[in-house]
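So you can see what is in the structure, the chains are spelled out below.
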Amino acid sequence: MPATVIVGAQWGDEGKGKIVDLLAQGSDLVCRYQGGPNAGHTVVVGGETYKIRQIPTGLIAGKRCAIGAGCVVDPAVLIAELDELEARGHRTRGLLFVSGNAHLVMPWHVALDGARERRLGNLQIGTTRRGIGPAYADKVTRIGIRVQDLLDPKILRQKLELAVAEKNVWLQRVYEHDPFDVEEVVSTQLRLAERLAPYVEDTSLLVDAALRAGERVLFEGAQGTLLDLDHGTYPFVTSSSPIAAGAAVSFGIGPNRIDEVLGVAKAYVTRVGEGPFPSEIVGPEHARVQALGQEFGTVTGRERRCGWLDLVALRFAVRVNGITSLALTKLDVLSEFSDLPVCVRYRLPSGTETADFPAHQSDFHHCRPVFEVLPGWATPIEHELPRAAKGYVSFVEDALGVPVTLVGTGAAREHVLALG
Ligand code: IMP
């Protein structure tokens, strides 16, 4: 399909990196549409592991890649990743294009993110502390610094001086944080600007031209549906729009240019950070799933909370993204279990049960999962799905009304089964 969005259908960490890497093989252009260095994609190719945060995964496959206007870019992180990829033999110049309209994550955004979380104490969001929220806040307040500002040293200096003066007041007076030295900031950012300048491009025009030429364009989402600023489990969300529509907004193309939306969901669920999690596993099976699935954050190393598959939340993801097919990743992690609970409904505080995701936060915060227990297959998955695993997949398809077209059975690129 010419234009496909790959979207996280849960709380992030669904294994999108691997699916993007796989589909990137047959694509001409891979476009990252939101978020910044809060993402953590792990891709294993030919025994080599890549852990990347900022660049689109497609670059590892040697594809042309773009970072859209809806992203935030930390220049220091991006340059470090580009240097690492170059050192490992990957070309980046002429392959990566960064929207001039994307906003920059500056060192004070990172400082503010950490300081705010500390100040919130028990009420903290559990952010990645990469400066994401403060950078998007400046964008919306219309005081942000954009990638295109890197192209003019005079403008850049002016904007940096203004920003440092203001942020230092906040940092010192509100958060008792050391101030930033303006000259140090300016010289560092001017140096990074020189490195980034060759990558800056009009990415709307780039994508439009690719689609007109009949090229295959893959839009790569970061985080996941339930972390969406508008539709996720606010306030325990990120500050951008991971849902599929975010791709059109970020790249400045009409929504009717998108042909397919592939949702990526784990065969169970994980969540990092705070917030309600109805199907969270309680008891010793939590540690088993966590260990088998290696559920520790790529960016922060934090333990991920683990839960059984939640079809209420997945049905919501199908709806808000317009998911046309699903990739179910890490099915192999469930091979060790003889019984597999699947959350099919929520019981609300009023006692009624619903198969639809609650619109009101109090209902979601206080709902209880209603599980149906499916038989496990209790045997490793090789080249074909065992009968009970097929049953598990069919159960998901029937509940959601969308086909599962890919199943992940291990970390490496080749550990994916295509169904149907
Ligand atoms: P932020 O995006 O750093 O502001 O963090 C906001 C929330 O999103 C926190 O709950 C984070 O744990 C979560 N989050 C951000 N990026 C990711 C990700 O790539 N995977 C999973 N959770 C994430």
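Residue positions within a chain follow its written sequence, with the count starting from 1. Totals for whole chains, interfaces and linings use all residues, but because this is a predicted model, local features are given only for residues with pLDDT of at least 70 and pairs of side-chain atoms are given and counted only at 80 or more. As a rule here, side-chain values cover all heavy atoms of the structure and leave hydrogens and water aside.

(A) Expanded view of the overall build of the protein chain. Put simply, DSSP H or I for four residues or longer makes a helix, DSSP E for two residues or longer makes a strand, and each gets a number counted from the N terminus. If you tally the helices and strands in the protein chain, you get twelve helices and 19 strands. Each radius of gyration is computed over the set of C-alpha atoms, and the globule rule expresses the reference value as 2.2 Å times the number of residues to the power 0.38. Here the C-alpha atoms of the protein chain give a radius of gyration of 21 Å, agreeing with the 22 Å that 2.2 N^0.38 yields for 420 residues. Along the longest, intermediate and shortest principal axes, the C-alpha atoms of the protein chain span 65 × 50 × 40 Å. Looking at the protein chain as a whole, 55% of its 420 residues qualify as buried. Long-range pairs, those at least 24 residues apart, make up 75% of the contacts in the protein chain between residues at least 6 apart in sequence. Positive charge is attributed to Lys and Arg, negative charge to Asp and Glu, and no charge count is given to His or to the chain ends. Note on charges: their place is set at NZ of Lys, CZ of Arg, CG of Asp or CD of Glu. The distance from the centre of the 43 positive side-chain charges to the centre of the 50 negative ones in the protein chain is 2 Å. Burial status follows relative accessibility: with a 1.4 Å probe on protein chains alone, a residue under 20% of its type maximum counts as buried, one over 50% as exposed, and anything between as partly exposed. Residue contacts are counted whenever heavy atoms from the two residues lie within 4.5 Å of one another.

(B) Here's a closer look at the sheet that holds strand 18 (residues 404-408). Here the rule is simple: two strands pair whenever DSSP picks up at least two bridges between them. Taken in spatial order, the ten strands of this open sheet run 9-7-5-2-10-1-11-14-18-19, and their pairing is mixed. Looking at which strands have only one partner, the edges of the open sheet turn out to be strand 9 (200-201) and strand 19 (416-418). Where strand 2 (residues 29-32) meets strand 10 (residues 217-220), four bridges bridge the pair, whose relative direction is parallel. Bridge pairing in strand 10 places L29 opposite V217.

(C) View of the site of the ligand. Only a single heavy atom is needed: when it lies within 4 Å of a molecule or strand, its residue is near that molecule or strand. As a structural note, the neighbourhood of the ligand is formed by 17 residues, with D13, N38, T128, T238 and R302 the closest of them. Here a polar contact is taken to be a pair of N or O atoms separated by no more than 3.5 Å, where protein atoms must pair a possible hydrogen donor with a possible acceptor and residues adjacent in sequence count only if both atoms sit in side chains. Note that an oxygen atom of the ligand is positioned 3.3 Å from one of the backbone N or O atoms of G126. The separation between an oxygen atom of the ligand and a polar side-chain atom of R302 is 3.0 Å. Coverage of the ligand by the protein amounts to 96% of the 470 Å² it exposes when considered alone. Throughout, the Shrake-Rupley method with a 1.4 Å probe supplies accessible areas, and for residues the shown protein chains are the sole cover considered.

(D) Here's a closer look at the packing of aromatic side chains. Two rings from Phe, Tyr or Trp (for Trp, the six-membered ring) form a pair when their centres sit within 6.5 Å of each other. Planes less than 30 degrees apart are called stacked, planes more than 60 degrees apart edge-to-face, and all others tilted. One pass over the full model with this rule turns up nine aromatic pairs. Both rings, one in W308 and one in F337, keep their centres 5.6 Å apart while their planes meet at 90 degrees; by these two values the pair is edge-to-face. With W308 in the loop between strand 13 (305-307) and helix 10 (311-321) and F337 in the loop between strand 14 (325-329) and strand 15 (339-347), this pair connects stretches of sequence that are 29 residues apart. Grouped by ring-pair contacts, the aromatic residues F316, Y346, F357 and F364 constitute a single cluster. Only lysine NZ and arginine CZ atoms are considered, and such an atom sits over a ring when it is within 6 Å of the ring centre and within 35 degrees of the ring normal. Over the ring of Y50 we find R88; its NZ or CZ atom is 3.9 Å from the centre of that ring. The aromatic ring of F337 is capped on one face by R288, whose charged end is 4.5 Å from the ring centroid.

(E) Summary view of the nonpolar core. Within the largest apolar cluster, 58 residues are counted, with the highest numbers of intra-cluster contacts made by V5, F219, L331, L334 and Y392. The biggest single contributor to this core is helix 12 (residues 387-400), with five residues. Beyond its immediate sequence surroundings of up to four residues, V5 is in contact with Y33, F219, A244, A247, I258, E260, V261 and L262. Residue types Ala, Val, Leu, Ile, Met, Phe, Trp, Tyr and Cys, when buried and joined through side-chain atoms within 4.5 Å, form a set referred to as a nonpolar core. Of all hydrophobic cores here, the second largest spans 52 residues; its members include Y50, I52, M106 and L196.

(F) Local environment of the environment of R271. Mapped onto the secondary structure, R271 falls in strand 12 (residues 269-271). For the pair R271 and W11, spaced 260 residues apart in sequence, the C-alpha to C-alpha distance is 5.6 Å. A distance of 2.6 Å separates a polar side-chain atom of R271 from the backbone oxygen of P276.

(G) Quick look at helix 9 (residues 284-292). Those residues of helix 9 lying buried are H286, V289 and Q290. All buried residues of helix 9 lie within an arc of 100 degrees about the axis, which places them on one face of the element. In the stretch just after helix 9, Q294 is the one whose phi turns positive, near 50 degrees. Note that the arc is computed from the directions linking the helix axis to the C-beta atoms.

(H) A look at the environment of H90. With respect to the secondary-structure elements, H90 resides in the loop between helix 2 (75-87) and strand 7 (96-99). A relative accessible area of 15% means that H90 is categorised as buried. Separated by 146 residues in the primary sequence, H90 and F236 have C-alpha atoms spaced 36 Å apart. Sequence-distant contacts of H90, that is, excluding residues within four places in its chain, are made with Y50, L59, I60 and L85. Within the local environment of H90, its side chain forms a polar contact with the side chain of Y50, the two groups lying 2.8 Å apart.

(I) Spatial organisation of the state of the cysteines. In plain terms, two cysteine sulfur atoms within 2.5 Å form what is called a disulfide here. Tallied over the entire structure, the rule returns zero disulfides. In this structure C65 is a free cysteine whose sulfur lies 7.8 Å from that of C31, the closest cysteine sulfur available.

(J) Structural view of the packing of helix 2 against helix 6 (residues 182-196). Each axis is a line fitted through C-alpha atoms, and for a helix only the stretch in contact is used; angles between axes span 0 to 180 degrees, taken between their N-to-C directions. Running from N to C, helix 2 and helix 6 cross one another at 50 degrees; their axes reach a closest spacing of 10 Å. When the interaxial angle is binned, helix 2 and helix 6 end up oblique. Considering the relative orientation of helix 2 and helix 6, their crossing is left-handed. Along the contact surface, helix 2 presents P75, A76, L78, I79 and D83, while helix 6 presents Q189, L192, R195 and L196. Here the nonpolar group is Ala, Val, Leu, Ile, Met, Phe, Trp, Tyr, Cys and Pro; Asp, Glu, Lys and Arg are the charged ones; every other residue, Gly included, is treated as polar. Residue composition of the contact of helix 2 with helix 6, by class: six nonpolar, one polar and two charged. For classification, angles of less than 35 degrees are called roughly parallel, those exceeding 145 degrees roughly antiparallel, those between 65 and 115 degrees roughly perpendicular, and all remaining angles oblique. Each crossing is labelled by how the near helix is turned from the far one, with a counterclockwise turn of less than a right angle marking it left-handed and a clockwise turn marking it right-handed.

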